[in-house]
Amino acid sequence: MADQRIEPILAESARPTAVAIPAPVAVSVPGFRRPRRLGQLLERQDILAVVLLAPTLTILTLFIAYPFVLGIWLAVSDKVVGRPGAFVGLENFRVNLNDSIFLRAFQNTFVYTFIATALKLALGMLAALLLNHHFRFKRIVRASMLLPWIVPTVLSTLAWQWMFDATFSVFNWMLMNAGLISKRILWLGDGTLAMGCLIAVNVWRGMPFFAITLLAGLQTVNPDLHEAAEIDGANAWQRYWRVTLPLIKPIMLVVVLFSMIATFADFQLIYVLTRGGPYSSTHVFGTYAYEIAMRAAKLGQGASISLSLFPFLLAVIVFQLWYIRRSD
Amino acid sequence: MAMHEGQGSIERRAFLRVAGAATGAAVTGGIPAIVGAQKAPSFPKGTKLSILEWVSFVPASDVEFKRLAAEFGKLAGVDVTVDQINMNDLNPRITSAIETKAGPDIIMMISNWPHLYADGLADVDDVAEEIAQRDGAYYEHNKKVSVVGNRWKAVPLCSVPSTWAYREDWFKEAGAGKWPDTWDELRKVGIELKKKNRPMGQAFGHSLGDPNNWAYSVTWGFGGAEVDQSGKVVINSKETLEAVKFTVAFWKDCLDEGGLAWDDSSNNRAYLAGTISATINGASIYFVAKRQFPDIAKVTNHGHMPKGPGGRFYSIGGQGRAIMKYSKNQQAAKEFLRWFMDRPQYDKWMAANDGYVVGPTPYWEKHPLWERDPKLVPFKEASKFGRWPGYPGAPSRKASEALVKYILVDMYAQAIKGMKPEDAVKWAEGELKKAYA
């Protein structure tokens, strides 16, 4: 089908006469010259392509490229609010590498991202497999799965803040009433435990995105393949590992890619729950950069902190795109 | 209270009369007369004035401010708009306003922000000095945070001090008939209180106000400081070490161990729920108690930050209002600040705040509201002991860096968590040297 449609068009555009318009017509009536010219121009594929791409390119330049280039400039300058910055080379990055809070944020960002993404993938896959069965109220359950992902982060995080509250935590209340603990647990009062809580909330929030996307992937898997494998004697695990997983791998990688980027750059959740405390044990790039750039007004230094994300994000993206291409 | 004996009969109206006479304005003629007396310039038609403020923790304060702003608009023939946003959101708004040279004409400055944003702020020397001449010199912290170099970059507005809110009944049961005067005395009562499962409460996390209140006041109180007057880092001293050791002991003996997980509102909730006996806070705990928990309000009083070997100190940044350099309506903005800070207007605004804010000059210690509720008197007096971030050095950008990195707070928090006090102080020294480099 597709080939039949495309071929004549290709054939048409390949003919040199399609582009060359007889000259006398265009010259004779000056009033009609312009629209004709425009029409002619638009018929040229290279020009039409530029015209059609222009809006997208403008938007990308304004909202993605410009801020990005500005970010790079800030990171290599000593810019503070209200004063033009001067170029200082890699000085900001040198300062960062000597900064124990930055190094802690660096480590935290990786721990946070990798553990949270791994958990989201595992739990999301599990949920997707369960949701892929037929059961009553299937649609309602599937739709409601998305709730944590839809609710604005700040709102849901405020609810979590209450649940982790040092005095009024509902978790402590339940555990105490169940006789499991005798002393309250200070969820956000210890560096490691607080990090665990942040990861848990991130997983709660991000898991539905994995579940729904993977579910969409699972539904594209042809049941015949499973049947065939079953007839060949494959058990459920083997069918999952050898049939399902290879087929949904591309979509899985895309989800992981998106999620990693979002988790790397996470800010709201951590800022609301701990603001990087206690004792700077839960800072990530985003929260620390905000404190330095906004609250200490050192835009250059702050930009260099958040730009430190870039090489790692780039590596993740390059690797995953390469992997997806290769498996295609 | 002793200092007010004999003044108790001054009522609001009489006070205003005195105030009006002092400014030379005819109070009896109402607002238009005041403005007339000041020869408020009329502005070209269509002059606009846009003001950005925080959302106050006292709703009545915001209502009164908007009312006054509208009143000025009518008097001066200026179209005034007031935007109020969460305190946390002010920094990014100011940053983008200064960088894009567009936005409100007047913005509220909290603590040492005039130093952070000095390059984007217009000079307001005339207005600021006029007020000082009329009402007496500003409190030191109000002046320090507003003057950059030797120019006034903001007109001091007020202070919002935090004192200790405490349960008088429980303190009495623990053997303290009055609020302890020194840190050591407070610790002694605290030990008794915690034995009865009524600990005091203090946040040591990364929230904006409470943890810093402790960290700075206690360091100074024991004679320590981040830097000396010249900005040289001097944190690693035996005074600071004593402050850290004291805090660790106080934590174990007297405080609720939830503090490391607390934010600025946790102590309000814990106090009102009756799980803690005392905590450092603005007057908001007391105000909420009066509205919703009258029984608790009855037995709540306020006490001063105790004295240490180094003296009595409060960490108070104070607040001010700055006119933006990019503003095209600087003249109207100045007139507004002048008018708002004039006594009849400021009096009303301060009354609406009901003791939550303290005026920027000692003149306002005479406001009749302090007679209304003696429990609020420590707030009024706190400003005398107020110091700024970076004291005794300048409240500079470097002081802000130390603040946003929570270096002092984390010095205490890490010691509480088990780090040797000596090591915690050494850690803070290393970090401060980088911040002040």
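What counts, and at which threshold
Residues numbered from 1 in each chain as written. Chains lettered and ligands numbered in written order. Predicted model: local features only at pLDDT ≥ 70, side-chain atom pairs only at ≥ 80, totals over all residues. Heavy atoms only, no water. Salt bridge = Lys/Arg side-chain N within 4 Å of Asp/Glu carboxyl O. Helix = DSSP H or I, 4+ residues; strand = E, 2+ residues; numbered from the N terminus. Buried < 20%, exposed > 50% of the residue type's maximum accessible area, 1.4 Å probe, protein only. Phe/Tyr/Trp six-rings, centres within 6.5 Å; stacked < 30°, edge-to-face > 60°. Contact = heavy atoms within 4.5 Å. Buried area = accessible area lost by both parts, 1.4 Å probe. Nonpolar A, V, L, I, M, F, W, Y, C, P; charged D, E, K, R; others polar.

A. Region of interest: the pattern of salt bridges. The tally for this structure, following the rule as stated, stands at 37 salt bridges over all chains. For Arg83(A), the salt bridge goes to Asp119(B), with nearest N and O atoms at 2.7 Å. Taken together, the residues Arg83(A) in the loop between helix H4 (45-75) and helix H5 (91-97) and Asp119(B) in the loop between helix H5 (113-116) and helix H6 (125-135) connect one chain to another. Given the relative accessible area of 42%, Arg83(A) is considered partly exposed. For Arg151(B), the salt bridge identified is with Asp125(B), shortest N-O distance 3.3 Å. Residue Arg151(B) is found in strand S5 (residues 151-152), and its partner Asp125(B) is found in helix H6; the two are separated by 26 residues along the sequence.

B. Seen up close, the packing of aromatic side chains. All names here are of chain B. All told, the structure shown has 62 aromatic pairs over all chains when counted by the stated rule. When the centroid spacing of 5.2 Å and the interplanar angle of 75° are considered together, the rings of Phe-72 and Phe-336 count as edge-to-face. Here Phe-72 is found in helix H3 (residues 59-76), whereas its partner Phe-336 is found in helix H15 (residues 330-341), with 264 residues between them in sequence. Residue class for Phe-72 comes out buried when judged on its relative accessible area of 4%. Ring centres of Trp-164 and Trp-214 lie 6.5 Å apart, and the angle between their planes is 70°; on these two criteria the pair is classed as edge-to-face. Of this pair, Trp-164 sits in strand S7 (residues 163-167) while Trp-214 sits in helix H10 (residues 210-221), and the two are 50 residues apart along the sequence. The buried category is assigned to Trp-214, whose relative accessible area is 0%. Pairwise contacts between aromatic rings join Trp-164, Tyr-166, Phe-171, Trp-179, Trp-183, Phe-204, Trp-214, Phe-222, Phe-246, Phe-250 and Trp-251 into one cluster.

C. Examining the interface of chain A and chain B more closely. Chain A puts 39 residues into the contact, and the matching count from chain B is 36 residues. Carbon and sulfur atoms make up 55% of the surface buried where chain A meets chain B, a total of about 3300 Å² over both sides. Counting the surface chain A buries against chain B, the share from its top three residues, Val81(A), Tyr279(A) and Arg295(A), is 21%. The tally of links between chain A and chain B comes to seven salt bridges. The salt bridge involving Lys298(A) is made with Glu401(B); its shortest N-O contact spans 2.7 Å. Those elements giving two or more residues to the side of chain A that touches chain B turn out to be helix H6 (100-131), helix H9 (153-163) and helix H15 (285-295) of chain A. With six residues, the top contributor of residues to the side of chain A that touches chain B is H15(A). Considered class by class, the residues forming the side of chain A that touches chain B number 17 nonpolar, 11 polar and 11 charged.

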